[in-house]
Amino acid sequence: MTAAVSGESIVIEGLHKRYGDTVALDGLDITVRPGEILGIAGPNGSGKSTMVKTLAGEVMADRGRILLDGAERDAEDLAAQVTIVHQEPQVFLNLTVAENLLVGREQRKILNRRIDAAESELLADMGLSAHTDTVLEQLPLAAQQRTEIARALAQDARIFLFDEPNSALTEEESEDLFRRMHDLADSGRLVILVSHRLHELVVHADRVGMIIDGQCRVILSGDDLTEDRVARELVVGVARDAIGDVEALADAAAARASSEDGPAALRLSGWTHRDGAFSDIDMSVGLGEIVAISGVEGSGARALVHSMAGFAPATGSLQVGVESTSEADGDARSAKAATDQVGFVGANRAENLFFNLSVGENLLSRLSVDISDRLGLLHPRTLRDAAEHLADQFRVKAGSVNDPMGSLSGGNQQKVAIGAATATRPRILVLEEPTRGVDVGSKSEIYRLLRQYADPEGQLGLPGMEGHGEAVVLYCTEDAEIFEVADRVCVIAQGRISGELTLSDYDDVESFAADRVHLEAGG
Amino acid sequence: MSNDTNDAGTAVPEEPRDRIVSRLGGLGLQRVGGLLAAVVIAGFIFAVWSDWLFLKTGNLVVMIRLMGVLGIIGLGLLVVLLVGEIDLSFSALAVLSAVVMGKMWVELGYHIAIGILVAFGVAIFVGLFNAFFVNVVKVPSFIVTLGSNTLVFGFTLLISRNTPILAQKLPPDPEEWQVRGGDYVDAAEYTFFRALASNYALPGRFPLQVVWLAGFAIVFGILLSRGVFGFRMKAIGGNEQAAVLAKLPVRRYKTLAFVICAVMAAVGGLLDFSFISQVQPNQGGVYLFPVFTAVIVGGASLSGGRGTVSGTLLGALLLAVISNGLALNATGAFVQQMWLGTVTIGAVVLDQWTRSRQRSESLGAGLRGLGRRLGLLR
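Student: Honestly, the overall build of chain B in this entry has me stumped. Any pointers?
Tutor: Looking only at helices and strands, chain B features 15 helices and 4 strands. Considering chain B as a whole, with its 378 residues, one finds that 53% of them fall into the buried category. The long-range share in chain B, meaning contacts at least 24 apart out of those at least 6 apart in sequence, stands at 74%. Surface summary for chain B: the accessible area is close to 16,900 Å², and the carbon and sulfur share equals 69%.

Below you can see the structure in the form of structure tokens.
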């Protein structure tokens, strides 16, 4: 089969791409054959998404070439041939299904909003005939995705790249999507599936390529293609022979978590997201502990972390603080009282910092009431002293606390964001991807600061403020980061805790990562 | 705003040369300096053009009074812009407040204090109305206040039947009372009312609006540059999402901003009523453009988080100079309108230009800092 249709393969040869000092692709070679589904797996930051973007013509590679039908193709050619289907369909939500099919090809159909027979047959194939004249906004996500596929088919696209397409779909909808993926492959089109879920890769892909550090390290197919093998290969330089039974792992972790070793600084029980992103979460974070919450996009891990800080609606019980605990149990007021003792730093610096204010003002932005006098007035000297104290603690490298926020490097901006959150000394500090886009030096400083904040004896924050940090919770998906900073990781899959891992059980990041990826894939 | 020259803690130097320079440095000073220069140049042109009529006491009084009204209402608008919202209803509300007060006091014969209280009550209600739709219903403030502007204006015409309200005191002779007709108010209350905005003891009926403005400017200046109030307003206006994540009371401050703007509009409207002792219900849009222009020319940003009291005062002065100068030189109301439009667009262009300069300067500072760290620059 391969020989007969080799002329229609995509051949990727020696693709290199750098972003500044970061090597995203480091000589990637991979071939996609018609009639098969090629699975792509890889840890975060391995270069998967750069590969996807390069194939789609959105990113220009520094070196290397992409051959289609045996001829080299440039970005423009590729963009016309490749359709990416991901979690958020790129469709016109304000237009009907039929209009979506026609838009962009109007030259051939001037002012004619009707679709022709071939097109309506296409919609029937996609299970969309009932919705031809429905505005896309009113259709579920799965139908929007099918519209996107139909649109690509109508435009004779030949390459379909599915990038985590079903992370927001129900199980039934996912099954339907995979059926269509197989149909596309059977019709001779080139299909690539990028997924974090090992089970799906193993079931649906014919071959699975492992992308690690910007290279395709190994391609598994046939009998070699098992979940265990993929998980093992995913881990850099893996040396472990066997990966423990997932269920046993999950049980052991759960047992450790539930054992009442020390006092809990944060306790969740029956904690359920109002829109179902996660449900029935029971977990606790001990005094002085750093716990990472991990999970692929759409698993509910991010929403769980938001809900702890009071930024996502949830019901159930949330207890904050070792001593004077505030418990949220259903009503909005108690939830607010509990989450008020939680400081939050979001994933994007743009949503954490005030770029119209100075570095010092940013550091003090959360506690302006506490440092004002009785009349609510602020004194420049008090402000400067407080800001310099915080800048010093957090090793913010700025000429002066009066410098504008935008003049700081990314790492220092992030330190300011964390410093501002700790200034009020919340009991729990919740951070989302705390070192995203941060240089290595700042990273280790941030880890040290987080450790210091979790320690009840560590005196981070402004002197004179009441209370102290009791624990730190992070949303994090980077194995190296979790390994370095966390005591425990709680892995979320499909809205539930699929297992917990204690970092002290591992000697090296590779074996930890293998277990975590396993849990992340659903356990 | 990072360039506020009133606020020592926030001055933004491109390079910390020395403290005085760094405190006064940055574009805040350039902006204030530029505005002062504009006022002087415009004043000089009008003075020469009008054969020095422009500088006569009587004319200066008229001009200063205009500045007082623009400034008082402008301070309220400044607070709304700082917090990142917009209010278009203040002008109609200024007139409504005066009409409500006149209706209660002149037509219905209540005590003046009740009239004033009811007028402020109406203003606070409109401010809360705006804030409710912005905070709770989540309608953009531009739309909400565009609507409430028209609502307020219509209500003003309705309750006044579009008839001007004239405050006149009871004449000593009841016969004359019969002849002149109309409504009269208590003489003592009338004297108190007129004294709110004019002082006959000072030369040329010195307009007290300016004194009121000075008082408000001091209070607002302290609140905005030294108070937690202003600090949080700027933070919320600068990045609302960050303010939410920092758990700042965003809604409360927005509500406060709309109410303050409404109350200041009422103050401006009542003082104007007091000065001319008459209110025209159909003048609902008369303050909208000049006040907006004054505040924007004064350096407040339409995208929130930037603006100063000193800038607003100078903006109000510049607008007063330009309006008065044009009126004096008999260019006519129509040409005056065109000038106002020109100044508005010019102000926004200036705003964008200074902001892009500010960005490139801080970028420059960042690059210089990087260069120093790498040892490329000393």
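Here the narrative resumes, following the displayed structure.
Student: So what exactly am I meant to see when it comes to the overall build of chain A here?
Tutor: Counting its regular elements, chain A contains 17 helices and 20 strands. The buried share of chain A, taken over its 523 residues, is 56%. Residue pairs at least 24 apart in sequence account for 68% of intrachain contacts in chain A once pairs closer than 6 positions are excluded.

Student: Looking at this structure, how should I read the sheet that holds strand β10 (residues 215-221) of chain A?
Tutor: Strands in a sheet are paired, the pairing made by backbone hydrogen bonds, and the direction either parallel or antiparallel. All names here are of chain A. Within the open sheet, the 6 strands sit side by side as β6-β7-β8-β3-β9-β10. Their pairing is mixed. Looking at strand neighbours, the two that pair on one side only are β6 (82-86) and β10, the edges of this open sheet. Across the sheet, the axes of successive neighbouring strands diverge by a mean angle of 20 degrees, strand direction being ignored. With 4 bridges connecting them, strand β3 (residues 37-41) and strand β9 (residues 207-212) associate as parallel partners. In the strand pairing of β9, Ala 41 is matched with Met 210. Helix-sheet contacts for helix α6 (residues 171-186) involve β3, β7 (159-163) and β8 (190-194), and the interaxial angle to β8 is about 145 degrees.

Student: What's the story with helix α5 (residues 112-135) of chain B in this structure? I'm lost.
Tutor: Because each turn of an α-helix spans 3.6 residues, side chains separated by three or four positions in sequence point in the same direction. Its 24 residues place the ends of α5 of chain B 34 Å apart at the C-alpha level, agreeing with the 34 Å of an ideal helix rising 1.5 Å per residue. Next to the buried residues of α5 of chain B lie α4 (90-107), α6 (141-160), α8 (187-195) and α12 (250-276) of chain B.

Student: Looking at this structure, how should I read the packing of α4 of chain B against α5 of chain B?
Tutor: All names here are of chain B. Running from amino to carboxyl end, α4 crosses α5 at an angle of 150 degrees, the nearest separation of the two axes being 8 Å. It follows from the interaxial angle that α4 and α5 lie roughly antiparallel. In this structure, the crossing between α4 and α5 has a hand that is right-handed. Of the residues in α5, those in contact with Leu 93, Leu 96, Ser 97, Val 100, Met 101, Met 104 and Trp 105 of α4 are Ile 112, Ile 114, Gly 115, Ile 116, Val 118, Ala 119, Val 122, Ala 123 and Val 126.

Student: Please clarify how the packing of aromatic side chains should be interpreted in this entry.
Tutor: The description of an aromatic ring pair uses the distance of the two centres, along with the angle that the planes make with each other. A complete count under the given rule lists 14 aromatic pairs over all chains for this structure. For the pair Phe 46 of chain B and Trp 49 of chain B, a centre-to-centre distance of 6.1 Å together with 15 degrees between the ring planes defines the contact as stacked. Taken together, the residues Phe 46 of chain B and Trp 49 of chain B, both in helix α2 (residues 27-49) and 3 residues apart, mark about one turn of the helix. Accessibility expressed as a relative area gives 7% for Phe 46 of chain B, which makes it buried. Where Phe 46 of chain B meets Phe 54 of chain B, the ring centres are 5.9 Å apart and the plane angle is 40 degrees; that geometry is what we call tilted. Phe 54 of chain B shares its class with Phe 46 of chain B; the two are buried. Through a chain of ring-to-ring contacts, the aromatic side chains of Phe 483, Tyr 506 and Phe 512 of chain A assemble into a single cluster.

Student: Even after reading the chapter, I still don't get the packing of helix α3 (residues 57-82) of chain B against helix α14 (residues 309-328) of chain B, so can you show me in this structure?
Tutor: Each pair of packed helices gets described by two things: the angle between the helix axes and the distance between those axes. Residue and element names in this part refer to chain B. Packing of α3 against α14 leaves a shortest axis separation of 8 Å and a crossing angle of 140 degrees. Put simply, α3 runs oblique to α14. In terms of crossing hand, the pair formed by α3 and α14 is right-handed. Listed contacts from α14 to Asn 59, Val 62, Met 63, Leu 66, Met 67, Leu 70, Gly 71, Gly 74, Leu 75 and Leu 78 of α3 are Val 309, Thr 312, Leu 313, Ala 316, Leu 317, Leu 319, Ala 320, Val 321, Ser 323, Asn 324 and Leu 328.

Student: Can you help me understand the environment of Gly 299 of chain B in this one?
Tutor: Position of Gly 299 of chain B among the secondary structure elements: in the loop between α13 (288-297) and α14. On a C-alpha basis, the gap between Gly 299 of chain B and Thr 312 of chain B in space is 7.3 Å, while along the polypeptide they are 13 residues apart.

Student: I tried to follow the layout of surface pockets on my own but got confused; where do I start?
Tutor: Counted as a void, the second largest pocket has a volume near 1,300 Å³. Lining the second largest pocket are 49 residues, with Phe 311, Lys 336 and Asp 340 of chain A together with Val 244 and Lys 247 of chain B positioned closest to its centre. If you list the elements that add at least two residues to the lining of the second largest pocket, you get β14 (314-320), α11 (332-339) and β16 (342-345) of chain A together with α5, α11 (240-245) and α12 of chain B. Class assignment of the residues belonging to the lining of the second largest pocket gives a composition of 21 nonpolar, 13 polar and 15 charged.

Student: Looking at this model, I keep getting lost on the pairing of strand β4 (residues 63-68) of chain A. Mind explaining?
Tutor: Remember that side chains alternate between the two faces of the sheet whenever the strand is regular. Residues and elements named next belong to chain A. Two strands pair when backbone bridges link them, and strand β1 (residues 10-19) and β4 are joined in this way by 5 bridges, in the antiparallel orientation. Looking across to β4, one finds that Ile 10 is bridged to Leu 68. Across 2 bridges, β4 lies against strand β5 (residues 71-72) in antiparallel orientation. The residue bridging Leu 68 from the neighbouring strand is Ala 71, located in β5. Adjacent in sequence and paired antiparallel, β4 and β5 are bridged by 2 residues, among which Asp 69 carries a positive phi angle near 55 degrees.

Student: Could you clarify how one ought to interpret a negative patch on the surface in this entry?
Tutor: A grouping of Glu 121, Asp 125, Asp 183 and Asp 186 of chain A is seen on the molecular surface, where their side chains present a negatively charged patch. Counting residues per element, the ones that place at least two in the negative patch are α4 (117-125) and α6 of chain A.

Student: Got a minute to help me understand a nonpolar patch on the surface in this structure?
Tutor: All names here are of chain B. A surface patch of nonpolar side chains, amounting to about 820 Å² of accessible area, comprises Ile 41, Phe 44, Ile 45, Val 48, Trp 49, Trp 52, Leu 55 and Leu 60. Among the elements that make up the nonpolar patch, the one with the highest residue count is α2 (5 residues). Among the structural elements, Val 48 can be located in helix α2. According to the relative accessible area criterion, Val 48 is partly exposed, its value standing at 43%.

Student: I keep staring at the pattern of salt bridges and nothing clicks. Help me out?
Tutor: Note on pairing: side chains with opposite charge can pair once their charged atoms come close. Residues and elements named next belong to chain A. Tallied over the full model, the rule gives 24 salt bridges over all chains. The salt bridge partner of Arg 451 is Asp 487, with a shortest N-O separation of 3.0 Å. On the criterion of sequence distance, the pair formed by Arg 451 in helix α15 (residues 440-454) and Asp 487 in the loop between α16 (479-485) and β19 (488-493) is long-range, its members being 36 residues apart. One connected set of salt bridges, linked through shared partners, spans Asp 69, Arg 73, Asp 77 and Arg 158.

Student: Hey, could you run me through the nonpolar core in this one?
Tutor: Nonpolar side chains in soluble globular proteins generally cluster together in the buried interior. If you look at the biggest cluster of nonpolar residues, it comprises 154 residues, and the most contacted ones within it are Leu 364, Leu 450, Val 472 and Leu 474 of chain A together with Phe 90 and Met 101 of chain B. Among the elements that line this core, the one with the most residues is α12 of chain B, at 14 residues. When neighbours within four sequence positions are excluded, Met 101 of chain B is seen to be in contact with Val 106, Ile 112, Gly 115, Ile 116, Ala 119, Phe 193, Leu 270 and Phe 273 of chain B. Core analysis: the next-biggest nonpolar cluster, separate from the first, contains 46 residues, Leu 139, Ala 143, Leu 153 and Leu 225 of chain A among them.

Student: Help me understand the confidence of the model for chain B, please; the structure alone is not making it clear to me.
Tutor: Close inspection of predicted coordinates is inappropriate for parts of the model with low pLDDT. All names here are of chain B. Residue-level pLDDT values for chain B average 80, and 77% of them are 70 or greater. Between the elements of chain B, mean pLDDT differs from a low of 36, seen in helix α1 (residues 19-24), to a high of 96, seen in α5. A low-confidence stretch, residues 361-378 stays under pLDDT 50, and its non-local contacts, those more than four residues away or across chains, total 14 contacts. This complex was scored by the predictor with a pTM of 0.69 and an ipTM of 0.72.

Student: Just checking my understanding: could you explain the sheet that holds strand β20 (residues 496-502) of chain A for this structure?
Tutor: Residue and element names in this part refer to chain A. One open sheet holds the 6 strands; their spatial order is β16-β17-β18-β13-β19-β20, and the pairing between them is mixed. Looking at the sheet topology across the chains shown, the edges are occupied by β16 and β20. Direction aside, the axes of adjacent strands within the sheet are offset by 20 degrees on average. Of the strand pairs in this sheet, β16 and strand β17 (residues 428-432) are connected by 4 bridges, and their pairing is parallel.

Student: Would you take a moment to explain the side chain of Ser 89 of chain B for this structure?
Tutor: Residue and element names in this part refer to chain B. Along the chain, Ser 89 turns up in the loop between α3 and α4. Among the residues examined, Ser 89 registers a relative accessible area of 1% and is labelled buried. Once residues lying within four places of it in the same chain are set aside, the contact partners of Ser 89 are Val 126, Asn 130, Thr 145, Ser 148 and Asn 149.

Student: Teacher, can you tell me more about the confidence of the model for chain A here?
Tutor: All names here are of chain A. Within chain A, residue pLDDT values average 80, and 86% of them lie at 70 or more. Per-element averaging of pLDDT across chain A places helix α9 (residues 246-258) at the bottom with 42 and β17 at the top with 92. Within the model, the stretch residues 1-7 combines pLDDT values under 50 with 6 contacts to residues more than four positions away or in other chains. Contacts of residues 236-260 to residues separated by more than four positions or lying in other chains number 36 contacts, the stretch itself having pLDDT below 50.

So, how was this worked out
Residues numbered from 1 in each chain as written. Chains lettered and ligands numbered in written order. Predicted model: local features only at pLDDT ≥ 70, side-chain atom pairs only at ≥ 80, totals over all residues. Heavy atoms only, no water. Helix = DSSP H or I, 4+ residues; strand = E, 2+ residues; numbered from the N terminus. Buried < 20%, exposed > 50% of the residue type's maximum accessible area, 1.4 Å probe, protein only. Contact = heavy atoms within 4.5 Å. Areas by Shrake-Rupley, 256 points an atom, 1.4 Å probe, with all protein chains shown as cover. Pairing = 2+ DSSP bridges. Axes fitted to C-alpha atoms, helices over the stretch in contact; angles between N-to-C directions. Expected span 1.5 Å × (residues − 1). Parallel < 35°, antiparallel > 145°, perpendicular 65-115°, else oblique. Left-handed = near helix turned anticlockwise from the far one by under 90°. Phe/Tyr/Trp six-rings, centres within 6.5 Å; stacked < 30°, edge-to-face > 60°. 1 Å grid on protein atoms, 1.4 Å probe; cavity = no way out; pocket = protein on both sides within 12 Å on 5 of 7 lines; lining within 4 Å. Points joined across faces, edges and corners; volume = space filled by probe spheres on them. Nonpolar A, V, L, I, M, F, W, Y, C, P; charged D, E, K, R; others polar. Patch = residues over 30% accessible without salt bridge, like charges linked within 9 Å, V, L, I, M, F, W, Y side chains within 5 Å. Salt bridge = Lys/Arg side-chain N within 4 Å of Asp/Glu carboxyl O. Lys, Arg positive; Asp, Glu negative; His and termini not counted. Charge placed at Lys NZ, Arg CZ, Asp CG, Glu CD. Core = buried A, V, L, I, M, F, W, Y, C linked by side-chain atoms within 4.5 Å. pLDDT = per-residue confidence, 0-100.

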